[in-house]
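Listed below are the residues making up each chain.
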Amino acid sequence: MKQLLINLPVENVESSKVFFEKIGLTFNKELTDENATCFNIDENIVIALLPSEHFKAAVNNTVLIDATKVNEMLLSIGVNSNEEVDTFFNKAIEAGGKDKGKPTDYGSVYGATFSDLDGHLWNIFHMVK
């Protein structure tokens, strides 16, 4: 796989930009324009925040799910330690995200879930090897 670009509709691009900066994602100036504000999760995974109206136009006005009412997906990011899970989760909550599942140890996986400002669900996890 060369690159994964995750497009997310957002109501307020500037508020969402501040949120993702606060949780530590890297702003990608090169891919950002008036239609998308982009952040790198790593060198091959990018999140594009699209104003809701632009997102609707990009999918020919066929948005089937409203993320504020139904969770359309769970975006999961693996990190290198339980401490990184805690740090990422705490930053998300401090930045205005909603706690959807405090850090929990399941034996082989340690993880936590939060929603961003637009209700998209995120899971941060560390898989014990």
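Visitor: Can you help me understand helix α3 (residues 82–94) in this one?
Guide: Three or four residues apart is the spacing at which side chains of an α-helix point the same way, because the helix has 3.6 residues per turn. Relative to the 18 Å expected for 13 residues at 1.5 Å per residue, α3 spans 18 Å between its end C-alpha atoms, a close match to the ideal helical length. Along α3, the residues that are buried comprise V85, F88, F89 and A92. Angularly, the buried residues of α3 cover 95° about the axis, an arc narrow enough to put them on a single face. Counted as exposed and oriented over 90 degrees from the buried face of α3: E83 and E94. The inward-facing, buried residues of α3 contact α1 (13–22), β5 (74–78), β6 (98–105), β7 (109–115) and β8 (121–127). Positive backbone phi, at 115°, marks G96, one or two positions downstream of α3.

Visitor: Help me understand the nonpolar core in this model?
Guide: F20, I23, F114 and W122 are the most contacted members of the largest nonpolar core, which has 23 residues in total. Of all the secondary structure elements, the ones that give two or more residues to this core are β1 (4–10), α1, β4 (45–51), β5, α3, β7 and β8. Residue contributions to this core peak at four residues, all from α3. Sequence-distant contacts of I23, defined by excluding residues within four places in its chain, comprise F88, K91, A92, A95 and F114.

Visitor: Got a minute to help me understand the packing of aromatic side chains in this structure?
Guide: Here the distance between the centres and the angle between the planes together describe a pair of aromatic rings. Within this structure, the stated rule accounts for six aromatic pairs. Relative to F114, the ring of F19 lies with its centre 6.4 Å away and its plane at 55°, an arrangement referred to as tilted. Taken as a pair, F19 in helix α1 and F114 in strand β7 lie far apart in primary sequence, 95 residues in all. On the accessibility criterion, F114 (0% relative accessible area) is buried. Centre to centre, the rings of F20 and F39 are 5.9 Å apart; their planes meet at 40°, and the pair counts as tilted. Here F20, found in helix α1, pairs with F39, found in strand β3 (residues 37–42); they are 19 residues apart in sequence, far enough to count as distant. Exposure class is identical for F20 and F39. Each is buried.

Definitions and limits used
Throughout, a residue's number is its position along its own chain's written sequence, starting from 1. Side-chain atom pairs in this predicted model are given and counted only at pLDDT of 80 or more, local residue features only at pLDDT of at least 70, and totals for whole chains, interfaces and linings cover all residues. With hydrogens and water excluded, all non-hydrogen atoms of the structure serve as input to the side-chain values. Segments assigned H or I by DSSP are reported as helices when at least four residues long, segments assigned E as strands when at least two residues long, and all are numbered from the N terminus. A helix's residues, less one, multiplied by 1.5 Å, set its expected span. Working definition: with a 1.4 Å probe on protein chains only, accessible area under 20% of the residue-type maximum means buried, over 50% means exposed, and in between means partly exposed. Note that the arc is defined by the directions from the helix axis to the C-beta atoms. Any two residues having at least one pair of non-hydrogen atoms within 4.5 Å are treated as being in contact. Remark: nonpolar core denotes a set of buried residues (Ala, Val, Leu, Ile, Met, Phe, Trp, Tyr, Cys) joined through side-chain atoms within 4.5 Å. Paired rings are identified among Phe, Tyr and Trp, the last through its six-membered ring, by centres lying within 6.5 Å, and are further divided according to the angle between planes into stacked (under 30 degrees), edge-to-face (over 60) and tilted (the rest).

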